[in-house]
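# Notes for the structure review
These are the residues of each chain, in order.
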Amino acid sequence: MFQSKLNSEVTAFLDSLKHPLRDEIIYLRKIILSTDYELTEGIKWKGPNYSINGQDRITIRIHPQKQLQVIFHRGAKVKEQPKKRLLSNKYSILIWKENDRAIATFKNMDEIQKNSQMIKEIVEKWIEATI
């Protein structure tokens with residue numbers, strides 16, 4: 001089901017890395033791509049990146065190799081900060097860097113699986129808040 005949405009260039013890039021958290025990266029990719037939004041998967045900033053309507057919104061940071069970070073953002077260019085965070089505080093896995101930039105960090109598959117529904121919900125709410 002998800003395999004058709006996975007970008008083969010991203011898969012080839014990850015194959016070349018032999019990353020120790022490879023299975024975790026694949027699982028995160030599938031969660032992100034399982035939303036109702038038509039996200040485009042590519043490589044940016046040396047990791048899987050997800051955009052909608054040509055606008056970067058989510059990046060999986062895969063270095064250093066001891067953890068993975070899902071970064072929720074509004075692209076690389078600095079924008080005026082919203083007065084409040086783009087999502088509510090109910091998402092305990094998010095660390096906020098700015099009102100329009102948050103990070104979720106995972107060190108193993110158990111952490112990702114335990115939070116998979118929350119990750120999917122955050123992805124959906126993030127896209128809604130930033131399009």
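Residues numbered from 1 in each chain as written. Predicted model: local features only at pLDDT ≥ 70, side-chain atom pairs only at ≥ 80, totals over all residues. Heavy atoms only, no water.

## Focus on the overall build of the protein chain
If you tally the helices and strands in the protein chain, you get four helices and six strands. What you see for the protein chain is a C-alpha radius of gyration of 14 Å, in line with the 14 Å of a compact globule of 131 residues. Long-range contacts, defined here as pairs at least 24 residues apart, represent 54% of the contacts in the protein chain between residues at least 6 apart. Positive and negative side-chain charges of the protein chain, numbering 23 and 16 respectively, have mean locations separated by a distance of 5 Å. (Helix = DSSP H or I, 4+ residues; strand = E, 2+ residues; numbered from the N terminus. Rg over C-alpha atoms; globule rule 2.2 N^0.38 Å. Contact = heavy atoms within 4.5 Å. Lys, Arg positive; Asp, Glu negative; His and termini not counted. Charge placed at Lys NZ, Arg CZ, Asp CG, Glu CD.)

## Brief notes about unusual backbone geometry
For the bond running from His63 to Pro64, omega is 0°, close enough to zero to count as cis. Mapping Pro64 onto the fold places it in the loop between β3 (55–61) and β4 (68–72). One non-glycine residue, Lys18, lies in positive phi territory at about 50°. Residue placement: Lys18 occurs in the loop between α1 (8–17) and α2 (22–33). By relative accessible area, Lys18 is classed as exposed at 68%. Here the phi dihedral of Trp45 falls at roughly 55°; this positive angle occurs in a residue that is not glycine. Look at Trp45 and you get partly exposed, because its relative accessible area is 48%. (Buried < 20%, exposed > 50% of the residue type's maximum accessible area, 1.4 Å probe, protein only.)

## Topic: the pairing of β4
Summarising burial for β4: five of the five residues are buried, a large majority. Neither face of β4 is left uncovered, since the one carrying Leu68, Val70 and Phe72 and the one carrying Gln69 and Ile71 both have all their residues buried. Two strands pair when backbone bridges link them, and β3 and β4 are joined in this way by four bridges, in the antiparallel orientation. Along β4, the bridge assignment pairs Arg61 with Gln69. Connecting β3 to the next strand, β4, in antiparallel fashion are six residues. Relative to strand β6 (residues 101–106), β4 runs antiparallel, the two being bridged by five bridges. By the bridge assignment, Leu68 is partnered in β6 with Phe106. (Pairing = 2+ DSSP bridges.)

## Some thoughts on the nonpolar core
Of all hydrophobic cores here, the largest spans 32 residues; its most connected members are Ile58 and Leu94. Counting residues per element, the ones that place at least two in this core are α1, α2, β2 (47–52), β3, β4, β6 and α4 (116–130). Residue contacts for Leu94: discarding those within four places in its chain leaves Phe72, Leu87, Ala102, Ile103, Ala104 and Ile122. (Core = buried A, V, L, I, M, F, W, Y, C linked by side-chain atoms within 4.5 Å.)

## Some words on α1
The residue sitting at the N-terminus of α1 and contributing the capping side-chain oxygen is Asn7; that oxygen lies 2.7 Å from the backbone nitrogen of Glu9. Phi turns positive, to about 50°, at Lys18, one or two residues after α1. (Polar contact = N/O pair within 3.5 Å; in protein donor to acceptor, adjacent residues only side chain to side chain.)

## Examining the pattern of salt bridges
Per the counting criterion, the structure on display carries six salt bridges. The partner of Asp15 in a salt bridge is Arg22, and the shortest N-O contact between them spans 2.8 Å. In this structure, Arg74 and Asp100 form a salt bridge, with 2.8 Å as the shortest nitrogen-oxygen distance. Pair noted here: Arg74 is in the loop between β4 and β5 (95–98) and Asp100 is in the loop between β5 and β6, with a separation of 26 residues, a long-range link. Looking at Asp100, the relative accessible area reads 9%, which means it is buried. (Salt bridge = Lys/Arg side-chain N within 4 Å of Asp/Glu carboxyl O.)

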